[in-house]
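Each chain is listed here by its residues.
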Amino acid sequence: RCEAVRMLLADQGQEWKEDVVTMDLWQKGELKKSCLFGQLPKFQDGDLTLYQSNAFLRHLARTYGLYGKDQREAALLDMVNDGVEDLRLKYIQLIYQNYISFADYNLVELMRNHLVLAAGCLASCPLLAAYVERVSARPHLRTYLESAAHRDRPINGNGKQ
Ligand SMILES: N[C@@H](CCC(=O)N[C@@H](CS)C(=O)NCC(=O)O)C(=O)O
C-alpha cells in the first residue's frame, strides 16, 4: 500500500522518514485503536495526518503538480486511479483469499502421478514443472505429501505405478 507513495516521492527527488510497525506491536492493538479506520498506512506531512493510501497519493499529486492541468484532467486521473484501486483489490483477493483453486489440487495431483511413472516427464515443460513444485511446497500440503498417509497409499486400483 505504501510502495507507490515511495515511488512517487523518490521520482520527485524527495526524502522521507518511515516508522516501520512490527506485527508484534500491531497485534498489541493500541496503535490500531489510534488509527482513524483501524488500519495502516498512516502518512504525515508536517501537521497534516492522513489515512487511506490513495489520499496520500492525491495529496502528493497536488503538492508536486501531478494532478493534471485542470479540473477535467483531474477528473480523468481520478477515474484512472479508481480503476487502479479496483485492480489492486482483485490482486489483494488473489494473494490473500483466493490464491489457489480446487482445480490446482486436481491438476497437481495428476501431474504428480505422472512424475511417479516417469520422474523426468515434465522436463520439457519448465513452467508446468515449476508450478507443480510451487503448489506442492505450500507448507500444509508439503507436510501431507511427505506423510506416510500419502506416500504409502497406492495410486491406482490395479496396483500399477
Ligand atoms: N484503504 C486502505 C487500506 C489499508 C489496509 O488495508 N491496511 C492493512 C495493511 S495493508 C491493515 O492495516 N491491516 C491490518 C488490520 O486491518 O488490522 C488504504 O488504502 O490505505
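Note that the structure is a prediction, hence the values are computed from the model and not measured.

Asker: If you had to explain the UniProt feature "domain: GST N-terminal" (unreviewed entry) in the chain to someone new, which residues and values would you point to?
Answerer: Taking the UniProt record as the reference, the feature "domain: GST N-terminal" (unreviewed entry) is found at residues 1-68. Note that residues 1-68 is 46% helix and 12% strand, and that its end C-alpha atoms are spaced 23 Å apart.

Asker: So what's going on with the site of the ligand? Residues and values would help.
Answerer: In the vicinity of the ligand, the contacting residues are Arg1, Trp26, Lys32, Gln39, Leu40, Pro41, Gln52 and Ser53. Within the contact set of the ligand, an oxygen atom lies 3.1 Å away from a side-chain nitrogen or oxygen of tryptophan 26. Contacts to the ligand include glutamine 39, whose side-chain N or O atom sits 2.9 Å from an oxygen atom. Here the ligand has 510 Å² of accessible area as a free molecule, and 65% of this is covered by the chains. Broken down by class, the residue content of the shell around the ligand amounts to three nonpolar, three polar and two charged.

Asker: Would you mind going over the UniProt feature "domain: GST C-terminal" (unreviewed entry) in the chain in detail, with residue names and values included?
Answerer: Following the UniProt record, the feature "domain: GST C-terminal" (unreviewed entry) maps to residues 30-155 here. Between the C-alpha atoms that bound residues 30-155 there is a distance of 52 Å. The span itself is 64% helix and 6% strand.

Asker: Could you give an account of the nonpolar core, naming the residues involved and the relevant values?
Answerer: Counting eight residues, the largest nonpolar core is built from Val5, Leu8, Leu9, Phe43, Leu50, Phe56, Leu57 and Leu60. Of all elements in the fold, only helix 1 (3-11) and helix 4 (53-63) reach the threshold of two or more residues within this core. Setting aside residues up to four positions removed in sequence, valine 5 forms contacts with Phe43, Ser53, Phe56, Leu57 and Leu60. Membership of the second largest hydrophobic core comes to seven residues, among which are Ile100, Met111, Val132 and Val135.

Asker: Hey, could you go over the packing of aromatic side chains for me, with residue numbers and the actual values?
Answerer: Scanning the entire structure with this criterion turns up one aromatic pair. A centroid spacing of 5.2 Å and a plane angle of 25° characterise the contact between phenylalanine 43 and phenylalanine 56, whose relative ring orientation is stacked. Of this pair, phenylalanine 43 sits in strand 1 (residues 42-45) while phenylalanine 56 sits in helix 4, placing them 13 residues apart in sequence. Comparing phenylalanine 43 with phenylalanine 56 shows no difference in burial state: the two are buried.

Asker: Describe the pattern of salt bridges, with residues and values.
Answerer: Counted by the stated rule, this structure contains ten salt bridges. Between glutamate 30 and lysine 33 there is a salt bridge whose closest N-O contact spans 3.1 Å. On the criterion of helical spacing, the pair formed by glutamate 30 and lysine 33 is a turn pair, its members being three residues apart in helix 3 (residues 30-34). One exposure class covers both glutamate 30 and lysine 33, and it is exposed.

Asker: Just give me the short version of the pairing of strand 1, but keep the residues and values in it.
Answerer: For strand 1 and strand 2 (residues 48-51), the ladder comprises four bridges, and the chain directions are antiparallel. Opposite lysine 42, over in strand 2, you have tyrosine 51 as the bridge partner. Where strand 1 hands over to strand 2, the hairpin turn is made up of two residues, of which glycine 46 adopts a positive phi near 65°.

The rules behind each value
Residues numbered from 1 in each chain as written. Predicted model: local features only at pLDDT ≥ 70, side-chain atom pairs only at ≥ 80, totals over all residues. Heavy atoms only, no water. UniProt positions renumbered as here; feature names shortened; annotations may be inferred. Helix = DSSP H or I, 4+ residues; strand = E, 2+ residues; numbered from the N terminus. Near = heavy atom within 4 Å. Polar contact = N/O pair within 3.5 Å; in protein donor to acceptor, adjacent residues only side chain to side chain. Areas by Shrake-Rupley, 256 points an atom, 1.4 Å probe, with all protein chains shown as cover. Nonpolar A, V, L, I, M, F, W, Y, C, P; charged D, E, K, R; others polar. Core = buried A, V, L, I, M, F, W, Y, C linked by side-chain atoms within 4.5 Å. Buried < 20%, exposed > 50% of the residue type's maximum accessible area, 1.4 Å probe, protein only. Contact = heavy atoms within 4.5 Å. Phe/Tyr/Trp six-rings, centres within 6.5 Å; stacked < 30°, edge-to-face > 60°. Salt bridge = Lys/Arg side-chain N within 4 Å of Asp/Glu carboxyl O. Pairing = 2+ DSSP bridges.

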